[in-house]
Amino acid sequence: MTEPFPASDDFRFVVHARDGQARTGAITMPRGTIRTPAFMPVGTAATVKAMYPAQVRDLGADVVLGNTYHLMLRPGPERMARLGGLHSFMRWDGPILTDSGGFQVMSLSALRKIDEDGVTFRSHVDGSSHRMSPERSIEIQGLLGSDIQMQLDECVRLPADHATIERAMHLSLRWAERCRVAFGTQPGKAMFGIVQGGDVPALRVESARALTDLDLKGYAIGGLAVGEPQAVMLAMIETVEPHLPAHKPRYLMGVGTPDDLMQSVMRGIDMFDCVMPTRAGRHGLAYTRHGRINLRNARHGEDVRPLDAASDCPAARDYSRAYLHHLVRSDEILGMMLLTWNNLAYYQSLMAGMRGAIADGRLAEFVAATKAGWARAEAAEHA
């Protein structure tokens, strides 16, 4: 795939066009260009599940996400470094963003204990004990060879009480400073801070302002899509966005549905990741221009139509819904592969559509037309 902008020897972000709060542009760095708004497929354990790396690239993904927690447990960061780093290990030559491991430590690990210095936890794989400090998180991400590294933070599931949210936010700020020092100066790479503060606007603003003072290369909004309604998530984005530097990328972590992506882009977000398209594909759910299609439903058993005859993706265009239904109901691996392929293709097509719409000053019309297409298909499905 030809890059629309040349790679840079350093990490740079340029905004090319704005439409309201939305913007389209490019992050350039030595391993390539990330066109924004960007959706990053999740490659948890050095693989985007059910996909070949070349497929992911061919769909238009400029960057993938690796998971620090999972990779530190298997195969281990020191082994990964000896093997040449994550890029060569998984045969992905573009940029890789790694999360800090904090969310997985909080959500997956048993017997975790948080203190000022870090977190002690037991592996969900074999019960072995591990210690993660801000410095160790950055060290691990460096051993993996990550291009964009995330600070270690404490992510609180919502709803939560004010005191819990405030304590975690302030701890995350102290950890951000330690991560910044540990990261140091790495030409061509970046460390992003993570705005925390739950669903409390004042805490979100305090977090954003303090992180901005650290003069990092990018900023993420974390602790959302963790149980709160979409309206709360969008309200927190609107609260935080004015307090983040306009000349640096903004990354909404762990989000989301196609509608989440559109609504968040309209509010100024540049980068996203989410397991939703790949996880849904493995469980029989397709995302398309016609809305969500559950291939497990019996109504698809004799439906000879493809998921989307106009799609450029062979998985959407060349296989009947009846065949996909059969594969899903039979728990065939090919069904998981085809639906994951379709879903990631749709997500990348949606992002490309938004980039073009922002450049043309018609994002609102694009969003309205996209949602109208979903609604028409939904009505026809239940007619």
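Residues numbered from 1 in each chain as written. Predicted model: local features only at pLDDT ≥ 70, side-chain atom pairs only at ≥ 80, totals over all residues. Heavy atoms only, no water.

Colleague: Can you help me understand the layout of surface pockets in this one?
Modeller: One water molecule sets the probe size; rolling that probe over the atoms shows where empty space is left. Taken as a whole, the largest pocket holds about 920 Å³ of empty space. Taken together, 37 residues make up the lining of the largest pocket; nearest its centre are Phe103, Gln104, Asp273, Val275 and Arg279. Per element, the largest residue contribution to the lining of the largest pocket is 5 residues, and it comes from helix H5 (residues 102-108). Taken together, the residues of the lining of the largest pocket sort by class into 15 nonpolar, 15 polar and 7 charged. Reported here for the second largest pocket is a volume of approximately 560 Å³. (1 Å grid on protein atoms, 1.4 Å probe; cavity = no way out; pocket = protein on both sides within 12 Å on 5 of 7 lines; lining within 4 Å. Points joined across faces, edges and corners; volume = space filled by probe spheres on them. Helix = DSSP H or I, 4+ residues; strand = E, 2+ residues; numbered from the N terminus. Nonpolar A, V, L, I, M, F, W, Y, C, P; charged D, E, K, R; others polar.)

Colleague: What should I look at first to understand the pairing of strand E3 (residues 32-36) in this one?
Modeller: Note on strand geometry: in a regular strand, side chains alternate between the two faces of the sheet. Summarising burial for E3: 5 of the 5 residues are buried, a large majority. Bridging between strand E2 (residues 22-29) and E3 involves 5 bridges; their strand directions are antiparallel. Of the residues in E3, the one forming a bridge with Thr28 is Thr33. Connecting E2 to the antiparallel partner E3 that follows it, the hairpin turn spans 2 residues. (Buried < 20%, exposed > 50% of the residue type's maximum accessible area, 1.4 Å probe, protein only. Pairing = 2+ DSSP bridges.)

Colleague: Explain the side chain of Glu154 to me, please; I cannot follow it from the model alone.
Modeller: With respect to the element layout, Glu154 can be found in the loop between strand E11 (148-150) and helix H7 (162-183). For Glu154, the side chain forms a polar contact with the side chain of Arg167, separated by 2.8 Å. (Polar contact = N/O pair within 3.5 Å; in protein donor to acceptor, adjacent residues only side chain to side chain.)

Colleague: What's the story with the environment of Ser349 in this structure? I'm lost.
Modeller: Of note, Ser349 is situated in helix H14 (residues 333-360). Residues Ser349 and Met336, spaced 13 residues apart in sequence, show a C-alpha to C-alpha distance of 20 Å.

Colleague: Can you help me understand the sheet that holds strand E5 (residues 42-43) in this one?
Modeller: Strands in a sheet are paired, the pairing made by backbone hydrogen bonds, and the direction either parallel or antiparallel. The strand order across the open sheet built from 9 strands is E4-E15-E14-E13-E12-E11-E7-E6-E5, with neighbouring strands paired in parallel fashion. This sheet does not close on itself; its edge strands, each paired only once, are strand E4 (38-40) and E5. Pairing analysis gives 4 bridges linking strand E12 (residues 190-195) to strand E13 (residues 218-221), with the strands arranged parallel. Counterpart to Gly193 in the pairing with E13 is Tyr219.

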